[in-house]
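Spelled out from the first residue to the last, the chains are:
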Amino acid sequence: MASASAPNPGTPSGAVTPSQLAQLYSINPSSSSGAGLTIAIVDAYNDPNIRQDLAVFNAKYGLPAANLT
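Residues numbered from 1 in each chain as written. Predicted model: local features only at pLDDT ≥ 70, side-chain atom pairs only at ≥ 80, totals over all residues. Heavy atoms only, no water.

Draft legend 1. Highlighting the overall build of the protein. A count of helical and extended segments in the protein gives two helices and zero strands. Put simply, the protein has 69 residues, and 10% of those count as buried. For the protein, the proportion of contacts with a sequence separation of at least 24, taken over those separated by at least 6, is 26%. Counting only carbon and sulfur atoms, one obtains 58% of the accessible surface of the protein, whose full area is about 5800 Å². (Helix = DSSP H or I, 4+ residues; strand = E, 2+ residues; numbered from the N terminus. Buried < 20%, exposed > 50% of the residue type's maximum accessible area, 1.4 Å probe, protein only. Contact = heavy atoms within 4.5 Å. Areas by Shrake-Rupley, 256 points an atom, 1.4 Å probe, with all protein chains shown as cover.)

Laid out in structure tokens, this is it:
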């Protein structure tokens, strides 16, 4: 992730912000509603808190709740 900008001072060290993700994957948030896009979270260690962590992340950045289907 060397091409990402400096981390947001309000995020834990190594955390990636939504704007950094958009930049890394060449997504223009202002021209995309996200419809038809799928994002997968690969959890190699069966983290029992992953859903709660995602909810906290979404709340912190003003994102809608995840559709966990």
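Draft legend 2. Here's a closer look at a nonpolar patch on the surface. Where nonpolar side chains cluster on the molecular surface, the patch consists of Leu21, Tyr25 and Ile27 and spans about 310 Å² of accessible area. Along the chain, the position of tyrosine 25 falls in the loop between α1 (18-24) and α2 (50-60). (Patch = residues over 30% accessible without salt bridge, like charges linked within 9 Å, V, L, I, M, F, W, Y side chains within 5 Å. Salt bridge = Lys/Arg side-chain N within 4 Å of Asp/Glu carboxyl O.)

Draft legend 3. Just the environment of asparagine 58, in detail. With respect to the helices and strands, the residue asparagine 58 is situated in helix α2. Take asparagine 58: its relative accessible area is 8%, and that puts it in the buried class. On a C-alpha basis, the gap between asparagine 58 and proline 18 in space is 9.2 Å, while along the polypeptide they are 40 residues apart. Apart from the residues lying within four places of it in its own chain, the contact partners of asparagine 58 are Leu63, Pro64, Ala65 and Ala66.

Draft legend 4. Quick look at unusual backbone geometry. The backbone phi angle of serine 26 is positive, close to 55°, even though this residue is not glycine. Secondary-structure assignment places serine 26 in the loop between α1 and α2. Relative accessible area serves as the criterion here: at 70%, serine 26 is assigned to the exposed category. Positive phi values are uncommon outside glycine, yet asparagine 46 reaches one of about 50°. Its place among the elements puts asparagine 46 in the loop between α1 and α2.

Draft legend 5. Focus on the packing of aromatic side chains. Counting across every chain of the model gives one aromatic pair. A centroid spacing of 5.0 Å and a plane angle of 55° characterise the contact between phenylalanine 57 and tyrosine 61, whose relative ring orientation is tilted. Its relative accessible area of 24% is what places tyrosine 61 among the partly exposed residues. A cation sits over an aromatic face here: lysine 60 above tyrosine 61, 5.8 Å from the ring centre. (Phe/Tyr/Trp six-rings, centres within 6.5 Å; stacked < 30°, edge-to-face > 60°. Lys NZ or Arg CZ within 6 Å of the ring centre and 35° of its normal.)

All quantities given are derived from atomic positions and should not be read as evidence of function.
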